[in-house]
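# Report on the structure
The residues making up each chain are set out below.
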Amino acid sequence: MTMKIKLSDHFTYPRLLRFTMPSVAMMIFTSIYGMVDGIFVSNYVGKTAFSAVNLIMPYLMVFGILGFMLGTGGTALISMTLGMGDRKRANEYFSLFTYICIGGGAALTAVGWLGMEPVARLLGAEGQILKDCVVYARIVLISTTAYILQFAFQSFCVAAEKPNLSLAMMVVAGVCNIVMDALFVAVFEWGLEGAAWATALAQIIGAVIPIVYFARPNPTVLRLGKCRFDGKALLRASANGSSELMSNLSMNLVTMLYNYQLIRWAGEDGIAAYGVIMYVNFIFISVFIGMAIGTAPIFGYHHGAQNHGELKSMFRKSLVIFAVLSLAMLSAAEALADPLSELFVGYDPALKAMTVRGFRIFSLSFLVCGFSIFGSSLFTAFNNGLVSAIISFVRTLVLQSVAVLLLPLIWGMDGIWWSIVVAEALAALLTFGCFLGFRKRYHYV
């Protein structure tokens, strides 16, 4: 029987990989099942509907930031509290953050509903694309609360030393989404509405699983129960997770900016090509995010317990793993650019050629982006939300916005694809500067 891995353990490479693999697999599966909508919509409904989904998707994803913020920021606080030996308070924090996600999700649903059409128009949608944006968004917004909870529990389950639960949650939700996409879109021919309902129902299923598990007696260190409102803890968790909030908010705002530029430079085909690249990009980036999610509670625990030796060991091992993953992701992306583009838009040779070229340039960013993702997560784990937020803000909003506005003026369409590469390289330099600057405060070197 395999022994349970605890946050307090000494992590060798095999033990660290075993502990983080469920988080990595969870993120990969999340990306794959999110990609399924795109495949079915593109091949069964058409290029226009596919462009509409890609245009409005960043707006819909913005509402998941509450889950990212309280999931990562709250997990940092929960893990540190567990490291200090206060299990009762850790459970109160866990319950409070979960309930805030539920209440906040309801409020954000209303906000999203009111803003969807004006935002779609602002992004350049008109005619049939505008109609498709509104149809898709109205249905998917129904599951906003579930979407937020899914993101939050991806981190909470790791803090509970139960990363396999978050993986199971995403596998069940993902399989349901794939099956429903096949039925609703390919068999029943419900079109774009069918794809939207498949996504919404899958997200709801994925959120119900951890709620039921943690609401009942369970063998983990966490359980949902009564708690009092603790504004100080909520503020601290929000500050801790501000980098993840900023990262995801910025990423979606920048995606909107990319779409705005692409519709100017290449029209509907540009948005479709970028949509394919983003779907595939999420799969590769999810490996880095999964590793960051998996390692953050370990860093948070040992920071709380002041185990400096283990912090140094974890930091070295993490850098080595991220370096190896960077090379592997780049190699895989270059090799798979053509077949993955064929899967989405093989019916249009010109669009496929644009997509392949764009992705082969874009994928160079995989060499460096993992280090910034790890750095932001690391400082969140240390409850230093400011440094984490600076890395995320500069990486995802400042550098990419400047690059995507300026580089097309120099290199045309290729400038749009090179924007992410230039921005990620500069962000990696900033991250390593932070590693050096804070090494004495947190004793990881």
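Attention in this report is confined to the structure presented alongside it. As the structure is a prediction and not an experimental result, all values here were calculated from the model.

A few words on the side chain of Asn-177. Along the polypeptide, Asn-177 turns up in helix α7 (residues 163–187). By relative accessible area, which is 0% here, Asn-177 ends up buried. When residues no more than four places from it in sequence are discounted, the contact partners of Asn-177 are Tyr-33, Asp-37, Ala-198, Thr-199 and Ala-202.

Another aspect to go through is the packing of aromatic side chains. Across all of its chains, the model carries 41 aromatic pairs by this definition. With centroids separated by 5.5 Å and ring planes inclined at 70°, the aromatic side chains of Phe-379 and Phe-438 adopt a geometry described as edge-to-face. A residue pair is termed long-range when its members are at least 10 positions apart, and Phe-379 in helix α14 (residues 369–381) and Phe-438 in the loop between α16 (413–437) and α17 (439–442) qualify at 59 residues. With relative accessibility at 0%, the residue Phe-379 sits in the buried group. Here the basic side chain of Lys-317 rests over the ring of Tyr-13, its NZ or CZ set 5.5 Å away from the ring centre.

This brings us to the pattern of salt bridges. Applying the stated rule across the entire model yields 11 salt bridges. Measuring nitrogen to oxygen at the nearest pair gives 3.8 Å for the salt bridge that ties Asp-86 to Arg-89. The exposure class of Asp-86 is partly exposed, given its relative accessible area of 29%. The partly exposed category is assigned to Arg-89, whose relative accessible area is 42%. Residues joined in a network through salt bridges with shared partners are Lys-47, Asp-269 and Asp-348.

Let's shift gears to α16. Along its 25 residues, α16 runs 38 Å from first to last C-alpha, staying within 8% of the 36 Å computed at 1.5 Å per residue. Roughly 30° is the biggest bend found in α16, and it falls at Ser-419.

What counts, and at which threshold
- Residues numbered from 1 in each chain as written.
- Predicted model: local features only at pLDDT ≥ 70, side-chain atom pairs only at ≥ 80, totals over all residues.
- Heavy atoms only, no water.
- Helix = DSSP H or I, 4+ residues; strand = E, 2+ residues; numbered from the N terminus.
- Buried < 20%, exposed > 50% of the residue type's maximum accessible area, 1.4 Å probe, protein only.
- Contact = heavy atoms within 4.5 Å.
- Phe/Tyr/Trp six-rings, centres within 6.5 Å; stacked < 30°, edge-to-face > 60°.
- Lys NZ or Arg CZ within 6 Å of the ring centre and 35° of its normal.
- Salt bridge = Lys/Arg side-chain N within 4 Å of Asp/Glu carboxyl O.
- Expected span 1.5 Å × (residues − 1).
- Bend = angle between axes of the 7 residues up to and from the residue.

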